[in-house]
Amino acid sequence: MKIEILGSGCANCRRLEENARKAVEKTGKKAEIVKVTDFAQIASYGVMRTPALVIDGKIKSEGRIPDVDEIAKML
């Protein structure tokens with residue numbers, strides 16, 4: 001599983017990454033977590049608001065920070 005955190009690296013992006021890491025740990029699933037800060041790459045997903053969470057190439061959230069339990073359900 002590949003989880004991508006799309007954003008500029010702001011505090012909200014870091015919180016989303018932290019929540020994603022906790023959700024992976026909570027579920028026991030194996031996942032690669034990648035931060036994407038290149039705006040051209042972010043735009044290629046069609047994302048207009050960051051932070052965004054992408055799991056296996058599919059946008060799961062945009063412009064908000066889902067909590068650990070919500071991300072765990074997405075996994």
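Presented here is an overview of the structure given in this document. Just so it is clear, the model here is predicted, and its values are computed rather than measured.

**Topic: the overall build of the protein**
Now for step 1: A tally of regular secondary structure across the protein gives three helices and four strands.
Now for step 2: Reading the protein from its N end, one meets helices and strands in the order β-α-β-α-β-β-α.
Now for step 3: Here the C-alpha atoms of the protein give a radius of gyration of 11 Å, agreeing with the 11 Å that 2.2 N^0.38 yields for 75 residues.
Now for step 4: Principal axes of the C-alpha set define a box for the protein whose edges measure 30 × 20 × 15 Å.
Now for step 5: Every one of the 75 residues in the protein was classed for burial, and the buried ones make up 37%.
Now for step 6: Taking contacts inside the protein between residues at least 6 apart in sequence as the whole, the part at least 24 apart equals 63%.

**Focus on unusual backbone geometry**
Now for step 1: Going from Thr 50 to Pro 51, the amide bond is cis rather than trans, its omega being 5 degrees.
Now for step 2: Among the secondary structure elements, Pro 51 is positioned in the loop between helix 2 (39-44) and strand 3 (52-55).
Now for step 3: Non-glycine residue Asp 56 carries a positive phi angle of around 50 degrees.

**A closer look at the side chain of Ser 61**
Now for step 1: With respect to the element layout, Ser 61 can be found in strand 4 (residues 58-62).
Now for step 2: Sequence-distant contacts of Ser 61, defined by excluding residues within four places in its chain, comprise Pro 51, Ala 52, Leu 53 and Pro 66.

**Some words on the nonpolar core**
Now for step 1: In this structure, Ile 3, Ile 5, Leu 53, Ile 71 and Leu 75 are the most contacted members of the largest nonpolar core, which totals 14 residues.
Now for step 2: When near neighbours in sequence (up to four residues on either side) are disregarded, Ile 3 contacts Ala 20, Val 24, Ala 31, Glu 32, Ile 33, Val 34, Leu 53, Val 54, Ile 55 and Leu 75.
Now for step 3: Residues Leu 6, Val 36, Val 47 and Ala 52 belong to the second largest nonpolar core, which totals six residues.

**Quick word on helix 1 (residues 11-27)**
Now for step 1: With 17 residues, helix 1 extends 24 Å from end C-alpha to end C-alpha; this agrees with the ideal 24 Å at 1.5 Å per step.
Now for step 2: Tucked into the core, helix 1 has its buried residues touching strand 1 (2-6), strand 2 (32-36), strand 3 and helix 3 (68-74).
Now for step 3: Gly 28 occupies a position one or two residues after helix 1 and carries a positive phi of about 75 degrees.

**A look at the pairing of strand 3**
Now for step 1: Of the two faces of strand 3, the one lined by Ala 52 and Val 54 and the one lined by Leu 53 and Ile 55 are each fully buried.
Now for step 2: Note: strand 1 against strand 3, four bridges, orientation antiparallel. From the neighbouring strand, Leu 6 faces strand 3, where its bridge partner is Ala 52.
Now for step 3: The hairpin formed by strand 3 and strand 4 contains two residues between the paired strands, and Asp 56 there has a positive phi angle of roughly 50 degrees.

Conventions used here
Each chain has its residues counted from 1, running along the sequence as written. In keeping with the predicted nature of the model, local features appear solely for residues at pLDDT of at least 70, side-chain atom pairs appear and are counted solely at 80 or more, and the whole-chain, interface and lining totals rest on all residues. For the side-chain quantities, the full set of heavy atoms in the structure was used; hydrogens and water were omitted. Only runs of H or I of at least four residues qualify as helices and only runs of E of at least two qualify as strands under DSSP, and these elements are numbered from the N terminus. Each radius of gyration reported is based on C-alpha atoms, and the globular scaling rule is 2.2 Å times the count of residues to the power 0.38. Relative accessibility decides the category of a residue: with a 1.4 Å probe and only protein chains considered, values under 20% of the type maximum give buried, values over 50% give exposed, and everything between is partly exposed. Here, residues are in contact when the closest pair of their heavy atoms is within 4.5 Å. The set of buried Ala, Val, Leu, Ile, Met, Phe, Trp, Tyr and Cys residues whose side-chain atoms join them within 4.5 Å is what this entry labels a nonpolar core. Every helix has an expected span of 1.5 Å times one less than the residues it contains. Two strands are counted as paired when DSSP detects at least two bridges linking them.

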